[in-house]
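# Descriptive structure summary
Read off the chains here:
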Amino acid sequence: MLDLVARAVTVGNFDGCHLGHQEVFQILRTEAKARGLVPTVVSFEPHTRHVLGIPGHPALLTTTEEKSFFVRSLGLDFVALPFSRQVAEQPFQQFFQEKILGELNTKFLVLGHDHRFGAAGKGTFDAIIAAFPDVSAIQVSAKYKDGEILSSSRIRNALENGAVERATTFLGRPYRIHGIVVDGKHLGRTIGFPTANVQTGAFKLIPKYGSYAAVVRLQNSTAHRAVVNIGRQPSIGDLPLAIEAHILDFNQNIYGQSMDVDLVAFIRPEQKFDSLDDLKRQIGMDADFARNI
């Protein structure tokens, strides 16, 4: 049950919290402050397309936990609003009256350029204003970057092709993989490159397999350069997918701790080496690249 504080609200999936979303968040914060309201980002969870389409498609740029952390870091309240087919099939007037005005006690609404509520997507910005003329609301126009409209799908495409710098341009920050450090097979340690194996949330988008320069942020808030390998380790035997971070100049036990992996640059695609010596040599080169970028 939510506290009945007066809120300024924006509603959507906000997958990625990219620069377009951030502009909505900034306007929300400004308008809320001017009116003495609590700025609140309301995110449908799970992603609406996971309910209306295939679970896990599209893969998530931000899990609920990652999204909540980012939104709150901007000084905004975050509410995860359960989404279901029943919710999707409600007339937008009913959904808006019960959830937005009732449960959330919304006094001001900020919507993105393409957001729609309710059955058949009939709850457009104009339809909402017509149905609820007493509601104060504004609509934010689409945001462009380098001549392209900002969208979560463009960021997914960039990451699936290893273009993390392009994804960073659209996100306004490096792509982050948050997870828990779990016990692995300790194969990296046997060749002189111990790794922290990161287990991330369900349906999280995994970028193109390969090696990346990254910054990892540990549970104690310290940041370290790292080489991150994403893939199935074909040189060792086509193992299950793993996200492994070799943290440079670091030798501490962090099993069971949370860790953020911020991908900075794509180094090379995943490849199979003829020998462990060749693999060690390449990892050493990758580490030099990550250390100097």
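A quick note: this is a predicted structure, and the numbers were derived from the prediction, not measured.

### Structural notes on the pairing of strand E9 (residues 196–200)
One ladder, built from 4 bridges, connects strand E8 (residues 175–182) with E9; its direction is antiparallel. Looking across to E9, one finds that Gly179 is bridged to Thr200. Sheet analysis places E9 next to strand E12 (residues 242–247), joined by 2 bridges and oriented antiparallel. For Asn197, the partnering residue across the bridge sits in E12 and is Glu244.

### Topic: the confidence of the model for the protein chain
Residues with a pLDDT of 70 or more make up 95% of the protein chain, whose mean pLDDT is 93. When mean pLDDT is compared element by element in the protein chain, strand E10 (residues 210–218) scores highest at 98, while helix H9 (residues 187–190) scores lowest at 60.

### A closer look at the sheet that holds E9
Pairing between the strands of a sheet is mediated by backbone hydrogen bonds and can be parallel or antiparallel. Strand order in the closed barrel formed by 6 strands is E8-E9-E12-E11-E10-E13, with antiparallel pairing between adjacent strands. The average undirected angle you get between the axes of adjacent strands in this sheet is 45°. Where helix H8 (residues 164–171) meets the sheet, its contacts fall on E8, E10 and strand E13 (258–269), and the angle it forms with E13 comes to roughly 130°. Its contacts with the sheet place helix H10 (residues 276–292) against E10, strand E11 (223–231) and E13, and it is angled at close to 140° to E11.

### With respect to unusual backbone geometry
Note the cis peptide between Glu45 and Pro46, where omega equals 0°. Among the secondary structure elements, Pro46 is positioned in the loop between strand E2 (38–45) and helix H2 (48–52). Located in the positive-phi region is Phe14, a residue other than glycine, with phi close to 55°. Inspection of the secondary structure puts Phe14 in the loop between strand E1 (7–12) and helix H1 (19–35). With a phi close to 55°, Asn105 is a non-glycine residue in the positive phi region. Its place among the elements puts Asn105 in the loop between helix H5 (92–103) and strand E4 (106–111).

### Looking at the domain arrangement of the protein chain
Segmentation of the protein chain into domains returns domain 1 (5–147) and domain 2 (174–289). Centre-to-centre, using C-alpha coordinates, domain 1 lies 35 Å away from domain 2. Interface of domain 1 and domain 2: buried area, both sides summed, is about 750 Å²; carbon and sulfur atoms make up 61% of it. When the buried area of domain 1 at its contact with domain 2 is split by residue, Leu60, Leu61 and Glu66 rank highest and sum to 49% of it. Taken together, the connections running from domain 1 to domain 2 amount to 1 salt bridge.

### Some words on the nonpolar core
Core analysis: the largest hydrophobic core is formed by 31 residues, its most contacted members being Met259, Val261 and Leu263. Put simply, the parts of the chain that give this core at least two residues each are helix H7 (152–160), H8, E8, E9, E10, E11, E12 and E13.

### Structural notes on the packing of aromatic side chains
One pass over the structure, following the stated rule, counts 7 aromatic pairs. These aromatic residues form a ring-pair network of at least three members: Phe44, Phe83, Phe95, Phe96, Phe117 and Phe132. When the ring centre of Phe108 is taken as origin, the NZ or CZ atom of Arg35, which lies over that ring, is 4.0 Å away. We note Arg173 situated over the ring of Phe70; from NZ or CZ to the ring centre the distance is 4.1 Å.

### Quick word on the pairing of strand E5 (residues 136–139)
Across 4 bridges, the pairing between E4 and E5 is parallel. Counterpart to Leu111 in the pairing with E5 is Gln139. Between E4 and its parallel partner E5, the chain crosses via helix H6 (residues 125–131), and the hand of that crossover is right-handed.

### A few points about a nonpolar patch on the surface
The grouping of Val264, Phe289 and Ile293 at the surface amounts to a nonpolar patch, some 230 Å² of accessible area in total. Checked against the element boundaries, Ile293 lands in the segment after H10.

### Observations regarding H5
The complete set of buried residues in H5 reads Phe92, Phe95, Phe96, Ile100 and Leu101. One side of H5 holds all its buried residues, which, seen down the axis, span an arc of 145°. In this fold, the buried residues of H5 make contact with E1, E2, strand E3 (77–82), helix H4 (85–88), E4 and H6. Asn105, located one to two residues past H5, shows a positive phi value of around 55°.

### A few points about the pattern of salt bridges
In this structure the tally under the stated criterion is 17 salt bridges. Between Glu66 and Lys204 there is a salt bridge whose closest N-O contact spans 2.8 Å. Of the two residues, Glu66 is situated in helix H3 (residues 64–73) and Lys204 in the loop between E9 and E10; the sequence distance between them amounts to 138 residues. Overall, the relative accessible area of 9% leaves Glu66 in the buried class.

Calculation notes
Per chain, residues are indexed from 1 in the order of the written sequence. Totals for whole chains, interfaces and linings use every residue, but because this is a predicted model, local features are given only for residues with pLDDT of at least 70 and side-chain atom pairs only at 80 or more, for both listing and counting. The basis for every side-chain value is the complete set of heavy atoms in the structure, and neither hydrogens nor water enter the calculation. Criterion used throughout: strands pair if DSSP finds at least two bridges between them. Secondary structure follows DSSP: runs of H or I at least 4 residues long count as helices, runs of E at least 2 residues long count as strands, and numbering of each begins at the N terminus. Each residue carries a pLDDT score, the predictor's own confidence in it, on a scale running from 0 to 100. The convention used is that axes are lines fitted to C-alpha atoms, helices contributing only their stretch in contact, and that angles between N-to-C directions extend from 0 to 180 degrees. Here, residues are in contact when the closest pair of their heavy atoms is within 4.5 Å. Boundary definitions for the domains trace back to an automatic or database domain assignment. For any pair of parts, buried area is found by adding up, for both, the accessible area (1.4 Å probe) each one loses once the two are put together. Between Lys or Arg on one side and Asp or Glu on the other, a salt bridge is scored when a side-chain nitrogen of the former is within 4 Å of a carboxyl oxygen of the latter. Put simply, buried Ala, Val, Leu, Ile, Met, Phe, Trp, Tyr and Cys residues joined by side-chain atoms within 4.5 Å make one nonpolar core. Partly exposed describes any residue whose relative accessible area lies between the buried limit of under 20% and the exposed limit of over 50%, with all areas from a 1.4 Å probe on protein chains only and scaled to the type maximum. Only Phe, Tyr and Trp rings take part, Trp by its six-membered ring, and two of them pair if their centres are within 6.5 Å. Stacked means planes under 30 degrees apart, edge-to-face means over 60, and tilted covers everything else. Whether a charge sits over a ring comes down to the Lys NZ or Arg CZ being within 6 Å of the ring centre and within 35 degrees of the ring normal. Crossover handedness is defined by viewing with both strands directed away from the observer: a clockwise path from the first strand over the helix to the second marks the crossover as right-handed. Residues enter patches when they are more than 30% accessible in relative terms and free of salt bridges; like-charged ones are connected within 9 Å and nonpolar ones (Val, Leu, Ile, Met, Phe, Trp, Tyr) within 5 Å. For the accessible areas, the method is Shrake-Rupley and the probe is 1.4 Å, while residue cover comes only from the protein chains on display. Of all possible arcs, the one meant is that of the directions from the helix axis to the C-beta atoms.

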